[in-house]
Structure formats: C-alpha cells, structure tokens
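# Structure assessment
If you want the building blocks of each chain, they are given just below.
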Amino acid sequence: HDVGLRMREGALDIPTQHGGGTVLAFTHGVAIRCLIGLEENWPEERIWQTRTDNTSVTSMSVTGNVIKLDFHNRSAHEFAN
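Notes on the structure in this doc start here. (Residues numbered from 1 in each chain as written. Predicted model: local features only at pLDDT ≥ 70, side-chain atom pairs only at ≥ 80, totals over all residues. Heavy atoms only, no water.)

## Topic: unusual backbone geometry
Just so we agree on the cut-off: Secondary structure elements follow DSSP: runs of H or I of four or more residues count as helices, runs of E of two or more count as strands, with numbering from the N terminus. Three exposure classes are used, based on accessible area relative to the maximum for each residue type with a 1.4 Å probe and protein chains only: buried under 20%, partly exposed in between, and exposed over 50%.
The backbone of Asn41 shows a phi angle near 55 degrees, a positive value even though the residue is not glycine. Inspection of the secondary structure puts Asn41 in the loop between helix H2 (29-40) and helix H3 (44-49). By relative accessible area, which is 68% here, Asn41 ends up exposed. Phi is positive for Asn73, close to 65 degrees, though the residue is something other than glycine.

## Details of the packing of aromatic side chains
Given two aromatic rings, one states the distance between the centres and the angle between the planes to describe the pair. The criterion, for reference: Stacked, tilted and edge-to-face pairs are distinguished by plane angle, under 30 degrees for stacked and over 60 for edge-to-face with tilted covering the rest, among Phe, Tyr and Trp rings (Trp via its six-membered ring) whose centres lie within 6.5 Å. Remark: a charge is flagged as sitting over a ring if the NZ atom of Lys or the CZ atom of Arg is within 6 Å of the ring centre and within 35 degrees of the ring normal.
Applying the stated rule across the entire model yields zero aromatic pairs. Positioned above the aromatic ring of Phe71 is the side chain of Arg74, whose terminal nitrogen or guanidinium carbon lies 4.1 Å from the ring centre.

Dropping the structure here:
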C-alpha cells in the first residue's frame with residue numbers, strides 16, 4: 001500500500017512538473033502493480049498474482065487527482081516501429 005501511495009504521489013506530480021505532455025517513466029513491475037492496485041481498488045492478492053513482464057509497457061493518464069489505467073503489460077515489441 002505504501003509503495004502504491006508513493007507511486008501515486010509521483011504520478012500526480014508529473015503534470016505539474018512537465019506541463020501536461022507525455023512522460024515516459026521506468027519502474028519495477030511490482031511498483032506499477034501497486035499503483036494500479038491502489039487506483040483500481042484491487043485486493044492485495046491480485047497485485048501479487050497479476051503478471052508484469054520485463055520490458056512491458058503500461059500506460060496511465062493523469063487528469064487532476066485522477067489516474068486512469070489505459071493499458072497494462074503490453075509487449076514492448078508492439079511499439080518497436
């Protein structure tokens with residue numbers, strides 16, 4: 001829960017620091033799952049059971065105090081072109 005809260009704080013700070021543009025951030029799979037779990041109200045077990053592959057891509061949108069999951073765990077190869 002604490003990791004999710006720290007990730008949330010950082011994500012909510014991005015629009016202020018970067019003027020609303022697109023930001024690419026790198027993190028560990030468990031950290032991104034903690035943030036998703038917090039925002040999507042997942043039970044803790046789901047955070048540990050959900051897969052996040054190495055070099056996968058997750059997209060989230062931040063508007064005000066709302067973080068919306070666009071997609072999670074897409075293959076990095078989908079974005080190679």
